[in-house]
Amino acid sequence: MLLSNILQSQTWTNHHSMIAYTGFGTDATAQKIKVFNQDTLIGITKKAGVEHYGFSMFQNGNNTEYVTLLDTPDIIISDVTFLDDTAYFCGKRLTSQNTYIGVIGRFSVRDFVNTTTLNCQITDINNTEHLIGLVAFYKPSSNLVHLIAIGNDNILSSNPGRIVYIDFQNNSNSISSYLVFFTQQLTIGKEIMQDICLSNHYISVVSLVYPSNTYIIRTFERSNPNTMLSSNVFAFSNNVYFNVASDPFMFPIHITSFAGDKLAICLSATDGQNFFTMVNFGSSNSPNIAYTQTIPHNDKAN
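Procedures and definitions
Residues numbered from 1 in each chain as written. Predicted model: local features only at pLDDT ≥ 70, side-chain atom pairs only at ≥ 80, totals over all residues. Heavy atoms only, no water. Pairing = 2+ DSSP bridges. Helix = DSSP H or I, 4+ residues; strand = E, 2+ residues; numbered from the N terminus. Axes fitted to C-alpha atoms, helices over the stretch in contact; angles between N-to-C directions. 1 Å grid on protein atoms, 1.4 Å probe; cavity = no way out; pocket = protein on both sides within 12 Å on 5 of 7 lines; lining within 4 Å. Points joined across faces, edges and corners; volume = space filled by probe spheres on them. Nonpolar A, V, L, I, M, F, W, Y, C, P; charged D, E, K, R; others polar. Core = buried A, V, L, I, M, F, W, Y, C linked by side-chain atoms within 4.5 Å. Buried < 20%, exposed > 50% of the residue type's maximum accessible area, 1.4 Å probe, protein only.

Overview of the sheet that holds strand β10 (residues 121–125)
For sheets, the rule is that strands pair by backbone hydrogen bonds, running either parallel or antiparallel. Taken together, the four strands give an open sheet; going across it, the order is β7-β8-β9-β10, and neighbouring strands pair in antiparallel fashion. Only two strands of the sheet have a single neighbouring strand rather than two, namely β7 (75–83) and β10. The sheet shows a mean angle of 20 degrees between the axes of neighbouring strands, taken without regard to direction. By the bridge criterion, five bridges tie strand β9 (residues 100–108) to β10 in an arrangement that is antiparallel. For R106, the partnering residue across the bridge sits in β10 and is Q121.

Structure follows, in structure tokens:
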């Protein structure tokens, strides 16, 4: 998230608030920030004024910002996650045909501070256009790293959503294999992927059914991530309902896990006159919402 030119982003770890500020003499701005270890933040960085992406590292209590950009400006980074000392990221790359293809990359966090250019391994993922979120975890009793990434192709198509299953050998320099799942055309609208999260036993993916007052949560088991356990549809027709715009990404839906396999789904809502942040609470692989909270405010929630 990008809050202002002064306060870029804020997150919490171990009951401490950590704030990443702009600059320290650089012209990069933080786009999204994730916690790495207990006192370190690594953020997706965009060079001011141009489409050139990289990463920034901030340490709590340290007034030094380490910024390293990709050695090519044709890749847009959308999300990053960490597993041990490795950072995995996803996004899209502009090809020589002036079209986009989804990409998965990784680099060693240990080498991050000591280099001026990132030594990244980046792989094109065929049959994808833009990968927007990912999670990473080890296959049980194995050094095989599972990645699940989500993304969208042309939203004008009947089935733009994509879910990608990726296997890495942890000691290898290449992806072992990957499989791209195409979402099916729905009678009530198009399924647009929004966010993904990892809990103790499950992977949960939230998507918007566009244009409608409906979202879908797909659940996968960590021990067998290539098989979907459930696909639950949630629709609202009461006094407070989703904000829907012609741009399906104007009011994004976010999902996170907490307390084991419980979920919180955050979205923008309205009663027709006022705007709210709506948070729905439930459990992974459950077709029910346990309870809902709405937080009123005076401007749009994103």
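Still more ground to cover, so stick around.
Focus: empty space enclosed by the protein
Going through the model one piece at a time under the given rule, you end up with three cavities of 30 Å³ or more. Lining the largest cavity are 13 residues, and of these I217, F234, S283, S286 and N288 lie nearest its centre. Elements with a minimum of two residues in the lining of the largest cavity: β17 (214–221), β18 (224–235), β21 (262–270) and β22 (275–283). For the lining of the largest cavity, the class distribution of residues is six nonpolar, seven polar and no charged.

Here we look at the nonpolar core
By size, the foremost hydrophobic cluster in this structure holds 19 residues, and its most contacted members are F55 and I77. Elements with a contribution of two residues or more to this core: β4 (40–47), β5 (53–59), β7, β8 (86–94) and β9. A per-element tally of this core places β7 first, with five residues. With 17 residues, the next largest nonpolar core counts C197, L208, F234 and F242 among its residues.

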